[in-house]
Amino acid sequence: MKRKAMIAPSILSANFANFGEDLRVLEEVGADWVHVDVMDGHFVPNLTFGPPVIKALRPHSRLPFDVHLMIEAPETWLDAYKDAGADRITFHIEACNHSHRYLARVRELGLASGITLNPQTPLCLIEYLLDQCDQVLLMSVNPGFGGQKFIEGVLPKISQLRKMIDERGLKTLIQVDGGISLQNAQRIFDAGADVLVMGSAFFSATDKKELVKRVQNL
């Protein structure tokens, strides 16, 4: 089956003083999802949004909110992010010991479930989880800050995950986040990615609608 690329702009790179307008632009230019990076200052060395901010943003967009939890003990926050307006939740396998249980809980909440892997984390750790994942998010930078350079060594990892998913006949989406731009988007998609998270490259683009179109037409 032919794959179609999707784009999920990360509001970590948006204008924090003008979130409502930036969300309107995302919808206007045809973005697929809104990617929301949640950081707690412990699991990663940065602090960003919590449930109150997401709840305040929710009325400003009809797009799915793709919430990426870069936090310790993510299982204690799943209900809070559901109530805040998340449509999809991914959490890091490095942050918890009972991932299967927590993926099931995300689905019980009626949300799309996902697991995230840092660049150095091997795929073998999620083989038994794939049938519980609506998406797998592969980090292509070390998480914590926007604007980093794409780690080229992640490309074979994307291809390996694509093979694992296809061999099992699963519909699990592969999402890639970190250092993605129009310069490397085609290679990332060709390796097997379905959803490209773009932060700096999206919000610095002069013609955002054209950027979205080019990604979706990969």
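Residues numbered from 1 in each chain as written. Predicted model: local features only at pLDDT ≥ 70, side-chain atom pairs only at ≥ 80, totals over all residues. Heavy atoms only, no water.

Caption draft 1: Expanded view of the overall build of the protein. Within the protein, the regular secondary structure consists of 8 helices and 8 strands. Over its C-alpha atoms the protein spans a radius of gyration of 16 Å, differing by no more than 12% from the 17 Å that the globule rule assigns to 218 residues. The principal-axis extents of the C-alpha atoms in the protein amount to approximately 40 × 35 × 30 Å. Looking at the protein residue by residue over its 218 residues, the buried ones come to 57%. The contacts of the protein with a sequence gap of at least 6 include a subset with a gap of at least 24, amounting to 64%. (Helix = DSSP H or I, 4+ residues; strand = E, 2+ residues; numbered from the N terminus. Rg over C-alpha atoms; globule rule 2.2 N^0.38 Å. Buried < 20%, exposed > 50% of the residue type's maximum accessible area, 1.4 Å probe, protein only. Contact = heavy atoms within 4.5 Å.)

Caption draft 2: Region of the structure containing helix 8 (residues 208–216). Looking only at helix 8, the buried set comprises K208, L211, V212, V215 and Q216. Down the axis of helix 8, the smallest arc covering the buried residues is 125 degrees, so these residues share one side. The secondary structure elements touched by the buried residues of helix 8 are strand 1 (6–9), helix 1 (19–29), strand 8 (195–198) and helix 7 (200–203). Two or three places before K209, at the opening of helix 8, D207 has a side-chain oxygen 3.4 Å from that residue's backbone nitrogen. (Arc of directions from axis to C-beta. Polar contact = N/O pair within 3.5 Å; in protein donor to acceptor, adjacent residues only side chain to side chain.)

Caption draft 3: Summary view of the packing of aromatic side chains. If you walk through the whole model with that rule in mind, you get 6 aromatic pairs. Here a set of aromatic residues connected by ring pairs shows up, and it is made of F16, F19 and F49. The ring of F189 has R3 lying over it, and the distance from NZ or CZ to the ring centre is 4.2 Å. Directly above the ring of F65 sits R58, whose terminal nitrogen or CZ lies 3.7 Å from the centroid. (Phe/Tyr/Trp six-rings, centres within 6.5 Å; stacked < 30°, edge-to-face > 60°. Lys NZ or Arg CZ within 6 Å of the ring centre and 35° of its normal.)

Caption draft 4: Here's a closer look at the pattern of salt bridges. Evaluation of the coordinates by the stated rule reveals 12 salt bridges. Between E21 and R24 there is a salt bridge, with its nearest N and O atoms 2.3 Å apart. Remark: R24 and E21 occur in helix 1; sequence separation between them is 3 residues, near one turn of the helix. Overall, R24 belongs to the partly exposed group, its relative accessible area being 38%. (Salt bridge = Lys/Arg side-chain N within 4 Å of Asp/Glu carboxyl O.)

Caption draft 5: Main features of the environment of I180. By the secondary structure assignment, I180 is in the loop between strand 7 (173–177) and helix 6 (185–191). In contact with I180, not counting residues within four places along its chain, are I188, L196, V197, M198 and A201.

Caption draft 6: Layout of the pairing of strand 8. Here strand 8 shows a buried face lined by V195 and V197 and a second buried face lined by L196 and M198. As judged from the 4 bridges shared by strand 1 and strand 8, these two strands associate in the parallel manner. Of the residues in strand 8, the one forming a bridge with A8 is V197. Pairing between strand 7 and strand 8: 3 bridges, direction parallel. Looking at the pairing, V176 lines up with L196 of strand 8. Handedness of the crossover joining strand 7 and strand 8 through helix 6: right-handed. (Pairing = 2+ DSSP bridges. Right-handed = clockwise from strand over helix to strand, strands pointing away.)

Caption draft 7: Main features of the side chain of D32. In this structure, D32 sits in the loop between helix 1 and strand 2 (34–39). Among buried Asp, Glu, Lys and Arg side chains, D32 stands out as unpaired, with K4 the closest opposite charge at 4.6 Å. Polar side-chain contacts of D32 include one of 2.8 Å to the backbone nitrogen of I7. Within the local environment of D32, its side chain forms a polar contact with the side chain of Q216, the two groups lying 3.0 Å apart. Ignoring any residue separated from it by four or fewer positions in sequence, one finds D32 in contact with A5, M6, I7, L63, P64 and Q216. (Lys, Arg positive; Asp, Glu negative; His and termini not counted.)

Caption draft 8: The arrangement of the environment of L161 in detail. As for its position among the elements, L161 is in helix 5 (residues 154–167). Note: C-alpha distance between L161 and I7 (154 residues apart in sequence) is 19 Å. Once residues lying within four places of it in the same chain are set aside, the contact partners of L161 are L123, I126, L130, V136, L138 and I174.

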